[in-house]
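# Fold and contact review
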Amino acid sequence: MPPGFVRTYGDVSPGAPRFAGAVLSACEDPSVPWYRIVRADGSLAKGVRQRALLEAEGVPFRGGRVVMEAARLPPEVAPTQITD
């Protein structure tokens, strides 16, 4: 997923968004951009740390939530269509 965009847990795992959350929460691989996955309402599971990483990429916020209309990468965009 390119910098500056987010997806929801449901986007990455439509049938099991909570499972996706559990996997990402346990992931310690620094090459995995776990912070780009947010809740469907734009709120953050990892709070201040996650917000700092997203803000550094230019992801817009309104209050404590990501502005999903601006930052959500549409689910229909396949990973093969993305170039970094």
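A brief structural summary. (Residues numbered from 1 in each chain as written. Predicted model: local features only at pLDDT ≥ 70, side-chain atom pairs only at ≥ 80, totals over all residues. Heavy atoms only, no water.)

### Thoughts on the overall build of the chain
For the record, the criterion: Helix and strand definitions follow DSSP, with helices as H or I runs of at least four residues and strands as E runs of at least two, each counted in order from the N terminus. Computation of the radius of gyration draws on C-alpha atoms alone. For the globule rule, the value is 2.2 Å times the number of residues to the power 0.38. Burial classes follow relative accessibility: with a 1.4 Å probe on protein chains only, a residue under 20% of its type's maximum area counts as buried, one over 50% as exposed, and anything between as partly exposed. In this analysis, two residues are considered to be in contact whenever any of their non-hydrogen atoms come within 4.5 Å of each other. For the area figures, the Shrake-Rupley method with a 1.4 Å probe applies, and any residue is considered shielded solely by the protein chains shown. Residues counted as positive are Lys and Arg, residues counted as negative are Asp and Glu, and His and the chain ends are not counted. Positions of charges follow a simple convention, taking NZ of Lys, CZ of Arg, CG of Asp or CD of Glu.
When helices and strands are tallied, the chain shows four helices and four strands. Counted from the first residue to the last, the chain has its helices and strands arranged as β-α-α-β-α-β-β-α. Here the C-alpha radius of gyration of the chain, 12 Å, is about what a compact globule of 84 residues would show, namely 12 Å. Burial analysis of the chain (84 residues in total) assigns 33% to the buried set. Of the contacts formed within the chain by residues at least 6 apart in sequence, a portion of 53% connects residues at least 24 apart. For the chain, the accessible surface area stands at approximately 5,300 Å², while carbon and sulfur atoms represent 56% of it. Taking the average place of the 10 positive charges on the side chains of the chain and the average place of its 9 negative ones, the gap between the two points comes to 6 Å.

### Comments concerning the packing of aromatic side chains
Note the following rule: Pairing of aromatic side chains here covers Phe, Tyr and the six-membered ring of Trp, requires ring centres within 6.5 Å, and sorts the geometry by plane angle: under 30 degrees stacked, over 60 edge-to-face, intermediate tilted.
Scanning the entire structure with this criterion turns up one aromatic pair. When the centroid spacing of 5.7 Å and the interplanar angle of 90° are considered together, the rings of tryptophan 34 and tyrosine 35 count as edge-to-face.

### Some thoughts on the nonpolar core
Applied cut-off: In plain words, nonpolar cores are sets of buried Ala, Val, Leu, Ile, Met, Phe, Trp, Tyr and Cys residues tied together by side-chain atoms within 4.5 Å.
Core analysis: the largest hydrophobic core is formed by 15 residues, its most contacted members being Val6, Val38, Leu44, Leu54, Val59, Phe61 and Val66. The set of elements that each furnish at least two residues to this core consists of α2 (17-26), β2 (37-38) and α4 (68-71). Not counting residues up to four positions away in its chain, the partners in contact with valine 66 are Val6, Val38, Gly42, Leu44, Leu54, Val59, Pro60, Phe61 and Ala71.

### Observations regarding the side chain of arginine 7
Using the following cut-off: Whenever Lys or Arg places a side-chain nitrogen within 4 Å of a carboxyl oxygen from Asp or Glu, that contact is recorded as a salt bridge.
Along the polypeptide, arginine 7 turns up in strand β1 (residues 7-8). Nearest to the buried, unbridged arginine 7 among oppositely charged side chains is aspartate 11, at 4.9 Å.

### Some points on the pattern of salt bridges
Considering all chains together, one arrives at four salt bridges under this definition. Across the salt bridge formed by arginine 36 and glutamate 57, the nearest N and O atoms sit 2.6 Å from each other. Highlighted residues: arginine 36 in the loop between α2 and β2 and glutamate 57 in the loop between α3 (47-56) and β3 (61-62), separated in sequence by 21 residues. Look at arginine 36 and you get buried, because its relative accessible area is 8%. In this structure, arginine 65 and aspartate 41 form a salt bridge, with 2.6 Å as the shortest nitrogen-oxygen distance. On the criterion of sequence distance, the pair formed by arginine 65 in strand β4 (residues 65-66) and aspartate 41 in the loop between β2 and α3 is long-range, its members being 24 residues apart.

### Topic: the environment of glycine 58
Here glycine 58 is to be found in the loop between α3 and β3. For glycine 58 and tyrosine 35, which are 23 residues apart along the polypeptide, the C-alpha to C-alpha distance reads 13 Å.

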